[in-house]
Every structure is written in structure tokens, then in C-alpha cells.
Amino acid sequence: MSNNVLTPKPCRIISINKESNSEYTFRVETDIVPEHGQFLQLSIPKIGEAPISVSGFGDGYLDFTIRSVGKVTDAIFNLQPGDTLFLRGAYGIGWPVEKFKDKNIVIVAGGTGVAPVRSMINKFYNTPNYVKSLNLIFGFKNESGILFKSELDLWKETFNTIYTLDSGVKEGWETGLVTTHLEKLPLDRFDDNYEVIIVGPPIMMHFTALEFLKLGVPEEKIWVSFERKMSCAVGKCGHCRIDETYVCLEGPVFNYTKAKTLLD
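Residues numbered from 1 in each chain as written. Predicted model: local features only at pLDDT ≥ 70, side-chain atom pairs only at ≥ 80, totals over all residues. Heavy atoms only, no water.

**Student:** Is there a simple way to explain the pattern of salt bridges in this structure?
**Tutor:** When the charged atoms of two side chains lie near each other, side chains of opposite charge can form a pair. A complete count under the given rule lists eleven salt bridges for this structure. Glutamate 174 is paired through a salt bridge with lysine 184; the nearest N and O atoms lie 3.5 Å apart. Of this pair, glutamate 174 sits in strand S10 (residues 174–175) while lysine 184 sits in the loop between S10 and strand S11 (194–199), and the two are ten residues apart along the sequence. Under the relative-accessibility criterion, glutamate 174 is labelled partly exposed at 35%. By relative accessible area, which is 45% here, lysine 184 ends up partly exposed. Each of the salt bridges in this network shares a partner with another, and the network as a whole consists of Arg27, Asp63, Arg118 and Glu151. (Salt bridge = Lys/Arg side-chain N within 4 Å of Asp/Glu carboxyl O. Helix = DSSP H or I, 4+ residues; strand = E, 2+ residues; numbered from the N terminus. Buried < 20%, exposed > 50% of the residue type's maximum accessible area, 1.4 Å probe, protein only.)

**Student:** How do you make sense of the sheet that holds strand S4 (residues 48–58) when you look at a structure like this?
**Tutor:** What holds strands together in a sheet is hydrogen bonding between their backbones, with the strands either parallel or antiparallel. One closed barrel holds the six strands; their spatial order is S1-S2-S5-S4-S3-S6, and the pairing between them is antiparallel. Taken pair by pair, the neighbouring strands of this sheet meet at an average axis angle of 45°, ignoring direction. Where strand S1 (residues 9–18) lies against strand S6 (residues 84–91), four bridges are found, and the strand directions are antiparallel. Pairing of arginine 12 across the sheet is with threonine 84, part of S6. (Pairing = 2+ DSSP bridges. Axes fitted to C-alpha atoms, helices over the stretch in contact; angles between N-to-C directions.)

This is how it looks when you write it as C-alpha cells:
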């Protein structure tokens, strides 16, 4: 068996959980152990491959929460439990989890942007006192697009949460874009001992970061994750290159001091 980093390994799909009409979570049997925030290349022979961030992992499995948006993901959506999916990875730089220890952590995520932070949030949930406090602001377009419903309820019991819908009304939820709720965060009570994480579409990350800067958050306390543009995952194809930066090698997690030059 080749140890080539580019050789995909066949892995069995254990289960498929329908999160919404266009997003499913695939649990795949594998002994790969990633870091929180890393991604893998998922492929189907003769169809192609796609970079997908890890939304969860445990003993002998990885979770991938996938949105059906193209040829490869559409083909993955046609698979059933017991079918084979090919994986290679894990790749990239994940979240600096050690740096977050004993700090007040703020996570702002939109839509499928919750997926790349899900495993880290569950780590904080399962390791009480790892962080000083966890403050979540999650936004979804509407009620039908809400992901990880049961976990959102669990996290709400333990952490400071604001869940919001861009449009529509839901009991216990706010309405409006995530940026309209940032000023509710008790940043002044964190005594400078905090870090901010933003994940979502590039335009959402751009404007959310600008709002945090207006609230006095230093650039070096802001972290983002880039989902887009990656192709080969090993810095060879140049597809994800933005100026001199290869997102697949230096990311997907970036500090904002670097990310501000990459966000459109």
C-alpha cells in the first residue's frame, strides 16, 4: 500500500444524517485523526474530488457536513451507508486550540460555517473549564437551513448563545444578520483575555471582522477559516493561491492580520 500523501484511501460510510434539504452529515469509518479545523479531500473515482472540512471526529470515524453544490458533492449525496468514499488528508492548519485555553472565546458562524468549528465546540463542551467562557453567535438564512439542531440545544444549556435567522421568526431565536448582534457580547468584561473566531462566506467574514474592529477588537485576536478555492490540498495546482499565499498549505485557518489581505 502506497504511503503517497496524494493516494486516497477507500473508507466505508457508516451513516448519513440529513441536516437540511441541501446539507447532510456523512460519518465515515477511518483511523485518520485530524486537528480541529483541518480538511480532507473526498473523492469518487471518475467523478472528481472536493475539499471538505471535518465537522466532527471520534474513535474510528470522521464526520463531514456537506452542502450539495456541484458535480462531486451531488455524487456523494447519491451514496448510501455501506458505500465507499475515498479520503486523503488531513490537510492544512487548524484552530490554535492550545492558544484558546483559559480564554474567553467568541465564535461567530454563518450557515455551513458552523461545521468547521463544531468539533472544537464539542471539545470545549466535553472538557469543562478548558476555556473561561464560550460565546456563540450563529446565523442561518431561515429555519429550514438550521444545522446540528440537537447540538445547538445542548450548547445553549452550557454556553452563552445567540442564534439568529436572517429572515423569519422562531421561538427562542433572534432575527437579523449576525453582525447586528455583536454589540451584545460582553467584550469589556473579558479584560483583554479573549479570542474571536469567524467562519462563513467571505463577505460575511469580511463585514463581521470590520464590525469587531469597530468594537475595539485588535486584529491579532481575530481568526477566520477559508473554505473556498482549494483543489489539490498540497500546494501544487495553484488553484487556491491568493497573491503569494497558498490557502491549502497556510490555512484554512488564518489570523486576521494575514486574512485581511486575502478577504475580497
